[in-house]
Amino acid sequence: MLPVRVCVMSMFDDVINAKCRDCPVRQSGLCEDASVSTLNELFGVLTTAKFPPGAIIASQGDPLNYMFIVREGTVIVTNVTMDGRHSVAEVIGVGDFFGGLNAELAHFSYEASSPVTVCMIPRHSMARLAHEDTGLAFRAWEMTQKRADATREWLMLFNGRTTTQRLASYIC
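Since the structure is predicted, the reported quantities are computational estimates derived from the model, not experimental observations. (Residues numbered from 1 in each chain as written. Predicted model: local features only at pLDDT ≥ 70, side-chain atom pairs only at ≥ 80, totals over all residues. Heavy atoms only, no water.)

S.K.: Describe the overall build of the protein chain, naming the residues involved and giving the relevant values.
M.R.: A count of helices and strands for the protein chain gives six helices and eight strands. Mapped in sequence order, the helices and strands of the protein chain form the string α-α-α-β-β-β-β-β-β-β-β-α-α-α. Here the protein chain, with 172 residues, has 37% of them falling under the buried criterion. In the protein chain, 75% of the contacts between residues at least 6 apart in sequence involve partners at least 24 apart. (Helix = DSSP H or I, 4+ residues; strand = E, 2+ residues; numbered from the N terminus. Buried < 20%, exposed > 50% of the residue type's maximum accessible area, 1.4 Å probe, protein only. Contact = heavy atoms within 4.5 Å.)

Okay, structure coming up:
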């Protein structure tokens, strides 16, 4: 199985565009199990964007027309409560994605905590490709499951601790 995959990726490398050829997450992120034809379509519709530290990539409540794949950097996911309090919900790193196939509005805010580079794929294109390519859909599901497990662990880490204990756990 591995030689076939290497051959497919090597064959694809000959026709891949420059912005994706050396992508650090192409073989470990969302695109890992996508077919060559799906990758060609993805690369045809995606754009890349860079954000400096502190830049808001998407604000809570704003329209979310893209799915974002983090190629470089770290993104902090925050929630703003009705009374204005900010809380960190998650930290997203290289290879992770955010923005849902069904979410028309951002449920959280996404802020670059370091220099961030993302691939932006139109939501409707990603949804269509996920319906057509089971490898892509399965990989998205698998990554979502891992993030859900990590989020549950994060919640349990902070459950029942004092503010000082939570801060110490976050820093370490």
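Structure's up, so let's keep going.
S.K.: Run through the side chain of Thr78, naming residues and quoting values.
M.R.: Assignment of secondary structure puts Thr78 in strand β4 (residues 75-80). The residues touching Thr78, leaving out its near neighbours within four places in the chain, are Gln60, Ser87, Val88, Ala89, Phe108 and Ser109.

S.K.: Could you give an account of the sheet that holds β4, naming the residues involved and the relevant values?
M.R.: If you trace the four strands from one edge of the open sheet to the other, you get β2-β7-β4-β5, paired in antiparallel fashion. At either margin of the open sheet sits one strand with a lone partner, and together these are β2 (56-58) and β5 (86-92). Geometrically, the sheet is characterised by an average inter-axis angle of 35 degrees between neighbouring strands, direction not taken into account. (Pairing = 2+ DSSP bridges. Axes fitted to C-alpha atoms, helices over the stretch in contact; angles between N-to-C directions.)

S.K.: I'd like to hear about the nonpolar core, residue by residue, with values.
M.R.: Counting 19 residues, the largest nonpolar core has Leu30, Leu42, Ile69, Phe97, Met126 and Leu136 as the members making the most contacts within it. When residues of this core are traced back to their parent elements, those giving at least two are α3 (36-45), β3 (66-72), β8 (116-122), α4 (123-132) and α5 (134-158). Sequence-distant contacts of Leu42, that is, excluding residues within four places in its chain, are made with Cys31, Ile121, Met126, Leu129 and Leu136. (Core = buried A, V, L, I, M, F, W, Y, C linked by side-chain atoms within 4.5 Å.)

S.K.: Residue-level account of the packing of α3 against α4, with values.
M.R.: It is at 11 Å that the axes of α3 and α4 come closest, and there the two elements cross at 180 degrees. Taken together, the axes of α3 and α4 lie roughly antiparallel to each other. When α3 is examined against α4, the residues Thr38, Glu41, Leu42 and Val45 are found in contact with a partner set consisting of Ser125, Met126, Arg128, Leu129 and Glu132. (Parallel < 35°, antiparallel > 145°, perpendicular 65-115°, else oblique.)

S.K.: Tell me what's going on with empty space enclosed by the protein, and back it up with residues and numbers.
M.R.: Overall, the coordinates contain one cavity of 30 Å³ or more when judged by the stated rule. Approximately 70 Å³ is the volume attributed to the largest cavity. As for the largest cavity, its lining consists of 10 residues, of which Cys23, Cys31, Phe43, Leu46 and Cys119 are closest to the centre. For the lining of the largest cavity, the class distribution of residues is eight nonpolar, no polar and two charged. (1 Å grid on protein atoms, 1.4 Å probe; cavity = no way out; pocket = protein on both sides within 12 Å on 5 of 7 lines; lining within 4 Å. Points joined across faces, edges and corners; volume = space filled by probe spheres on them. Nonpolar A, V, L, I, M, F, W, Y, C, P; charged D, E, K, R; others polar.)

S.K.: Outline the packing of aromatic side chains, supporting the account with residue identities and numerical values.
M.R.: Counting across every chain of the model gives four aromatic pairs. Geometrically, the ring pair formed by Phe68 and Phe98 is stacked, given 4.8 Å between the ring centres and 10 degrees between the ring planes. Note that Phe68 is positioned in strand β3 and Phe98 in strand β6 (residues 97-98), a separation of 30 residues in sequence. Both residues of the pair, Phe68 and Phe98, count as buried. Three or more aromatic residues joined by ring pairs make a cluster, and in this case those are Tyr66, Phe68, Phe98 and Tyr110. Of note, Arg147 hangs over the ring of Phe97, and the distance from its end group to the ring centre comes to 5.7 Å. (Phe/Tyr/Trp six-rings, centres within 6.5 Å; stacked < 30°, edge-to-face > 60°. Lys NZ or Arg CZ within 6 Å of the ring centre and 35° of its normal.)

S.K.: Tell me about the environment of Phe108, and please be specific about residues and values.
M.R.: Topologically, Phe108 is positioned in the loop between β6 and β7 (109-112). Classification of Phe108 as partly exposed rests on a relative accessible area of 30%. Residues Phe108 and Asp62, 46 residues apart in the sequence, show an inter-C-alpha distance of 9.2 Å. Once residues within four sequence positions are removed from consideration, Phe108 is found in contact with Ala58, Ser59, Gln60, Val77, Thr78, Asn79 and Ala89.

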